[in-house]
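Structural features, examined
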Amino acid sequence: MIRDRPALRAVAIAALLLAASPLHAQHDSAAAHAPQAVHADHGLLGTHRLTLGLGHNHVINSIVGEDGELKNQALPSWSLNYDYWLSDKWAIGVQTDLIIESFVIEHGDEELLEREYPVLVAGVAIFKPFRHFSFVGGLGVEYAKEQTLTATRLGVEYGTHLGSNWEAGVAATWDAKWSYYDAWGLNFTVSRLFGGGH
């Protein structure tokens, strides 16, 4: 079953990008013919953004099966993020991820560490140099019943507006749990924008 997931994910990503292309082309065509004051993308200064995401976190070298084989596992996850835009290019926010499965990682040569439904909470800064792409960086902690770990988060987001108050997108993240393990995530996201120019 796990072997089939990467192929399904690749198909889903391709479908999302293909679906977003006509929306983007329609938006650009309409914007070219519309008066400047009626542009759909308002400035982000003062905007709040609430984002819900569904995806998978890929845990590097987790232990699978009774034989203790090390593998990369794709585990389902939900994310809930909040950002506040300080300008049209910079925002600060809080990002959370919940992996909805338990897993075991190897730490050092002998120690095994179980992670039961871990929740990552990270404070982040977001830089948006381009219309659709944003870059994310921050620090946080991953909570689980067994142990709390410090984490660094890096990521990139792609988003396209659906009207003036909604955004759909894809987010890719890399989370380094200091001295323990790394994971990368891919989420499909829906955002609601309010305040500011929205």
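Positions within a chain are numbered from 1, following the residues in the order the chain's sequence is written. Where local features are concerned, this predicted model is filtered to residues with pLDDT of at least 70; where side-chain atom pairs are given and counted, the filter is 80 or more; whole-chain, interface and lining totals use all residues. Just so you know, side-chain values use all the structure's heavy atoms and leave hydrogens and water out.

Below, the discussion takes up the overall build of the protein. Secondary structure summary: the protein contains 1 helix and 10 strands in total. Ordering the α and β elements of the protein from the N terminus gives α-β-β-β-β-β-β-β-β-β-β. Three exposure classes are used, based on accessible area relative to the maximum for each residue type with a 1.4 Å probe and protein chains only: buried under 20%, partly exposed in between, and exposed over 50%. Each of the 198 residues in the protein was classed as buried or not, and the buried ones make up 35%. Contacts are assigned to residue pairs that have any heavy atoms within 4.5 Å of one another. Considering only intrachain contacts with a sequence separation of at least 6, the fraction spanning at least 24 residues in the protein is 54%. Here the protein has roughly 10,700 Å² of accessible surface; of this, 65% comes from carbon and sulfur atoms. By the criteria applied, helices consist of DSSP H or I runs no shorter than four residues and strands consist of E runs no shorter than two, each listed in order from the N terminus. To be clear on the numbers: accessible area is Shrake-Rupley with a 1.4 Å probe, and residue cover counts the displayed protein chains and nothing else.

This part takes up the confidence of the model for the protein. Considering every residue of the protein, the mean pLDDT works out to 83; 76% of them sit at 70 or more. Confidence of the predictor at the level of single residues is captured by pLDDT, which takes values from 0 to 100. Ignoring residues within four places in sequence, the model shows residues 14–41, a span with pLDDT below 50, making 16 contacts including any to other chains.

For soluble globular proteins, nonpolar side chains are generally found buried alongside one another. Counting 9 residues, the largest nonpolar core consists of V59, L75, I99, F103, I105, L113, L149, Y181 and A183. Sorting the residues of this core by element identifies strand 4 (103–107) and strand 10 (181–195) as the ones contributing at least two each. In this structure, Y181 is in contact with V59, F103, I105, R115, E142, L149, D175 and A176, ignoring residues within four places of it in sequence. What is meant by a nonpolar core is a set of buried Ala, Val, Leu, Ile, Met, Phe, Trp, Tyr and Cys residues, joined one to another through side-chain atoms within 4.5 Å. Of all hydrophobic cores here, the second largest spans 8 residues; its members include L44, I126, V136 and L193.

Note on pairing: side chains with opposite charge can pair once their charged atoms come close. When a carboxyl oxygen of Asp or Glu is within 4 Å of a side-chain nitrogen of Lys or Arg, the pair counts as a salt bridge. Following the criterion strictly, the structure yields 8 salt bridges and no others. Between D97 and R153 there is a salt bridge; the shortest N-O distance is 2.5 Å. In this pair, D97 sits in strand 3 (residues 90–99) while R153 sits in strand 8 (residues 149–162), placing the two residues 56 residues apart along the sequence. Accessibility expressed as a relative area gives 3% for D97, which makes it buried. Exposure remark for R153: the relative accessible area of 3% places this residue in the buried category. Where E142 meets K177, a salt bridge forms, and the shortest distance between an N and an O atom there is 3.4 Å. Taken together, the residues E142 in strand 7 (residues 133–143) and K177 in strand 9 (residues 166–177) connect sequence positions 35 residues apart. No difference in accessibility class separates E142 from K177, as the two residues are buried. Look at the salt bridges and you will find they share partners, linking R49, D83, E157 and E167 into a network.

The next subject is the environment of T47. Note that T47 resides in strand 1 (residues 47–64). The class of T47 is buried, set by a relative accessible area of 0%. Along the primary structure T47 and L193 are separated by 146 residues, whereas in three dimensions their C-alpha atoms are 6.6 Å apart.

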